[in-house]
Structures are given as structure tokens and as C-alpha cells.
Amino acid sequence: MGSAGGLCSSPRAWGCGWNVIRLLCFAFINWGAAENTAAVIVVNQTPPSICAMEGSEFTIECTFNTSNNSTRWFAEWNKIRNNVTAKVNGTDRIILSADPEKRSLSLTVKKADVTDSGTYVCGVGSKDVIYPGTGTQVTIDEIPKLMVNQTPANIHESEGSDLTMECTFTVWNKHKILDVKWYKHNRTGATKKELMSERGGGSAALDLEKGFASFTLKNVNVTDAGTYICEVGSTAWNWSASGAGTQVTIAPVDLLVTQSPAFVNEEEGKQLTIDCRFRALEKPSTKYSVKWYKNGTDGHEKELKNKTGSLTTTLDFSAGLASLTLTNTSMSDSGFYRCDFGKNGRGNGTRVTIRDKRRNASRVLFIIRMVLGALVIILAVIIITECVMSEKRAAVSRTI
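Thresholds applied
Residues numbered from 1 in each chain as written. Predicted model: local features only at pLDDT ≥ 70, side-chain atom pairs only at ≥ 80, totals over all residues. Heavy atoms only, no water. Helix = DSSP H or I, 4+ residues; strand = E, 2+ residues; numbered from the N terminus. Buried < 20%, exposed > 50% of the residue type's maximum accessible area, 1.4 Å probe, protein only. Areas by Shrake-Rupley, 256 points an atom, 1.4 Å probe, with all protein chains shown as cover. Phe/Tyr/Trp six-rings, centres within 6.5 Å; stacked < 30°, edge-to-face > 60°. Pairing = 2+ DSSP bridges. Axes fitted to C-alpha atoms, helices over the stretch in contact; angles between N-to-C directions. Salt bridge = Lys/Arg side-chain N within 4 Å of Asp/Glu carboxyl O. Core = buried A, V, L, I, M, F, W, Y, C linked by side-chain atoms within 4.5 Å. pLDDT = per-residue confidence, 0-100. Contact = heavy atoms within 4.5 Å. Disulfide = S-S within 2.5 Å.

Colleague: Can you walk me through the overall build of the protein chain in this structure?
Modeller: When helices and strands are counted, the protein chain shows two helices and 31 strands. Counting over 400 residues, the protein chain shows a buried share of 39%. Put simply, the protein chain shows about 22900 Å² of open surface, and 54% of that area lies on carbon and sulfur atoms.

Colleague: Where do I start with the packing of aromatic side chains in this structure?
Modeller: Working definition: an aromatic ring pair is given by the centre-to-centre distance plus the angle between the planes. A full pass over the atoms with the stated rule returns four aromatic pairs. Between Phe 278 and Phe 317 the ring centres are 5.3 Å apart and the planes differ by 70°, which places this aromatic pair in the edge-to-face class. Note that Phe 278 is positioned in the loop between strand 25 (272-277) and strand 26 (291-295) and Phe 317 in the loop between strand 28 (311-316) and strand 29 (321-326), a separation of 39 residues in sequence. Here Phe 278 and Phe 317 have matching classes, each one buried. Ring pairs connect the aromatic residues Phe 278, Phe 317 and Phe 341, which therefore count as one cluster.

Colleague: It is not clear to me how the sheet that holds strand 3 (residues 41-46) should be interpreted in this structure. Could you clarify?
Modeller: Strand-to-strand pairing in sheets goes through backbone hydrogen bonds, with the strands running parallel or antiparallel. What the four strands build is an open sheet, ordered 3-5-9-8; its pairing is antiparallel. Single-partner strands in this sheet number two, and they are strand 3 and strand 8 (94-99). Neighbour-to-neighbour, the strand axes of this sheet turn through a mean angle of 15°, independent of strand direction. When strand 5 (residues 58-66) meets strand 9 (residues 104-109), the two strands line up antiparallel, connected through six bridges. What sits directly across from Glu 61, in strand 9, is Ser 106.

Colleague: In this structure, what is going on with the pattern of salt bridges? I would like to understand it.
Modeller: Charged atoms that come close allow side chains of opposite charge to pair. In total, this model carries six salt bridges according to the counting rule given. The shortest N-O distance in the salt bridge between Lys 270 and Glu 266 comes to 4.0 Å. Taking the relative accessible area as the measure of exposure, Lys 270 reaches 38% and is therefore partly exposed. One salt bridge connects Glu 301 with Arg 338, and the closest N-O pair in it is separated by 2.9 Å. Taken together, the residues span a long stretch of sequence, with Glu 301 in strand 27 (residues 301-304) and Arg 338 in strand 30 (residues 335-340) at a distance of 37 residues. We classify Glu 301 as partly exposed; its relative accessible area is 41%. When salt bridges with common partners are traced through the structure, they connect Glu 301, Arg 338, Asp 340 and Arg 346 into a single cluster.

Colleague: Any chance you could explain the nonpolar core here in plain terms?
Modeller: Considering soluble globular proteins, one finds that nonpolar side chains tend to be buried as a cluster. The biggest cluster of nonpolar side chains holds 25 residues, and the ones touching the most others in it are Val 148, Leu 163, Met 165, Phe 169 and Trp 182. Elements supplying a minimum of two residues to this core: strand 15 (163-169), strand 16 (179-185), strand 19 (212-217), strand 20 (226-234), strand 21 (239-242) and strand 22 (246-251). For this core, the element with the most residues is strand 15, which contributes four residues.

Colleague: Even after reading the chapter, I still don't get the sheet that holds strand 31 (residues 350-355), so can you show me in this structure?
Modeller: Overall, mixed pairing links the five strands, which are arranged 24-31-30-26-27 in an open sheet. On the outer flanks of this sheet lie strand 24 (263-267) and strand 27, each paired with one strand and no other. On average, each strand axis in the sheet is tilted by 25° relative to the strand beside it, whichever way the strands run. The sheet contact formed by strand 26 and strand 27 spans four bridges and is antiparallel. Across the sheet, the residue bridging to Lys 294 is Lys 302, located in strand 27.

Colleague: When you look at the confidence of the model for the protein chain in this model, what are you seeing that I'm missing?
Modeller: Detail in the predicted coordinates should be disregarded across regions flagged by low pLDDT. Averaged over all residues, the pLDDT of the protein chain is 81; the fraction at 70 or higher stands at 80%. In the model, residues 1-38 has pLDDT below 50 throughout and makes 105 contacts with residues more than four positions away in sequence or in other chains. Per-residue pLDDT stays below 50 along residues 197-202; that stretch engages in 11 contacts with residues further than four places along the chain or on separate chains.

Colleague: What should I look at first to understand the state of the cysteines in this one?
Modeller: What we call a disulfide is simply a covalent bond connecting the sulfur atoms of a pair of cysteines. Under the definition given, this model contains three disulfides. With a sulfur-sulfur separation of 1.8 Å, Cys 62 is cross-linked through a disulfide to Cys 122. Taking the torsion about the sulfur-sulfur bond, which here is approximately -90°, the covalent link between Cys 62 and Cys 122 counts as left-handed. Of this pair, Cys 62 sits in strand 5 while Cys 122 sits in strand 10 (residues 118-125), placing them 60 residues apart in sequence. Here the two residues Cys 62 and Cys 122 agree in accessibility, since each one is buried. A sulfur-sulfur distance of 1.9 Å marks the disulfide that ties Cys 276 to Cys 339. Taking the sign of the S-S torsion, -95° for the link of Cys 276 and Cys 339, the bridge is left-handed. Of this pair, Cys 276 sits in strand 25 while Cys 339 sits in strand 30; the two residues are 63 residues apart in sequence, bridging distant segments of the chain. One exposure class covers both Cys 276 and Cys 339, and it is buried.

Here you go:
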């Protein structure tokens, strides 16, 4: 609704133009049972003036008092523009209403345009005489063309960076009624998502008097990629203009992942640890994550979850270290293990072989038996050899 009082000049004098007005009647409202031309009516019309912008809505009201409560009263609305008086008829955009009990009339204009400017006068009376209101001078200003310039057109950055987009727009003396909104489109044809509304805090900056707005993204990651658009306008007037948009592309950071050891060969019951070292970031993003996978002896790869069975995983971004530990290993833990940081890198894998502990014990016992058997044979050979040599020495002694 347009504001009233002191915004525009006062209504012009009616003069003989009112003789035309009083003869125009578009409707009547029956407030009594009989006509009485002797009644005196005092009509009060508000506001005296309205200044509004295109697309806005305004309402004019009239109330009246009468000395006779038993009269059939007539009511009408007229508009004077460029010294031409015209009757105002109700439409989908122009709403005329009346309340007989309160003795009031109202005229509401929706989505006003400059042609709605003029002096509006309500009239109340009988068939013989019409009493005019004091009039309301309505001025509808044309909305100025709003120019919005958004920069830069494109931004290419790596994850962890900070970036800023700016919008400059037409400076207007009625800047306080403006608001600025920022939207993000994830992809072509996607529904836009509002990021920051008018006078938002945090990463948005706004100076309406200077026609400036900015939006900053800190510590970005690949999910921040998309098209960002600033929109300047007035919600009340359903009027806005947008910048051309900024296309933001975020490149994933290569974490330079190295995995060790390459091979692990242990027997059941032992503990083993696999490490993945990566480049520690100055501004680590909480959206980074590491996943561990195992390709078992069946040839199928599955994701490993932390604290499942004897498996635990740790992640320390400040140290650049991700670890997987298996305690009390079994032969089923054999397979190919790798760490995966998604688009940011992956390990080269670790081949794990877990041996059967009982089979190892049997093998050791077999070896021991073989060694003992060999020792017995060697000892027997030595004894036999010694006996033969002793006999030879005895024979030599007898000969001498």
C-alpha cells in the first residue's frame, strides 16, 4: 500500500469539474428505507495523498456521517487526470468495496502503473445531491531501470581456497526498500537455492547507498562448484534484476597419497598396521574423508567400516596420516587393502597374507624331527667310523 500524508502535493481544487462528477453514479448502496433529500452528509476521505512505485498496491478510504438514518444513499468513485474526469469501475485489479454498517467505502488498486496517477474522489449522496470527499492525489512513479553488474564471470580455484564475487547496481535515492539475495545453481536447469538474503551477515557484504554487494566462500571444496547469481530488487513490488552470474569451478586437491607397506606376511593372531600418508593441508576441510577397501580371495571388493570386528581406522589431517589396524588376525584377513580419498587420491595398495598358525607349528615340528634324524644318522656314522678305525689300529698293533 502506498504511504500517505505529506508525500505528494495536496489535491487540486475541484471547481466546476465536480458538476460532472456528481452526475456520474456507478452503484448505489441501500442504507435506509426511504429517500430523504434534506439529509446532510459529511464525507471524510483518507489519505490526502499517495506516492507509490509501479507494481505496488494502494487503498483509499471514505467514511461519512449523516443527520438522517433513513435514506437510500448512492456512492461513486471518480478520477480526475489531465482535467478529464472519468468514472472508476471495479475490475480484477481495481477493487471497490463498501460497509453499510460502518458507513465506509474503499478503493484498492493492485499492481499500480503510471496511468493510475490522478486525483481520486469518492462521492456519497442521494439522487438529488452528491457530497464529495476531499480527494486523494495519487502519484505513481515509474520504476527506474535497474542495472546489475556481477563480477567475475568465472572463478577457477582449488579446494581450500577463499573466493569472492561482487555485484554493483544502480544507486537509487530509495535504496532502503531494496534487498539483495544470492542464489546458487548446481547445474544447468537445476532448482536455485537461496544462500544469503537481504542484509545477511557472515560472508555477505552489502552497501545499498553505494550500490555494492559481495559474497565470499571460505575454504571451498568440490561441492561448492556451480553458478552463483546476485538478485537486486523489491519483494513488495515484485520487481528485481539479476547479475549475469559467476561460474565457480573447484579443482580437487591431489593429496599425494602413499601407502605402506606393499606386502605383509604374518601368521594368525598377530597385529598388523597399514599406513596411508598424504599431503597435510594448511586449511583442512572437514568434508574430506578416507575410505578403506579390501579385495578378498573371492575377488570382490568391499568397503571396510571402522570398529568392525578386529578392524580400527584413524585419520589425522594435521599429521597427514590415515591408518588401518587389524588385531588378532586370521587367515580370512588375507587380501588386497587400499585407502581411497575419492577425487583427492588413493593408495597403491597392500597385499596381506595370513598363514595358518597350526600348519606352521607342524612344519616346525617336521623340521625339528628331520634335524634330529640327521643328527642321529651323523652320530651313527661317526660311531661306526670310529669302530672301524679302532679295529684297524688294533690289527696294525698285532702285526708289529
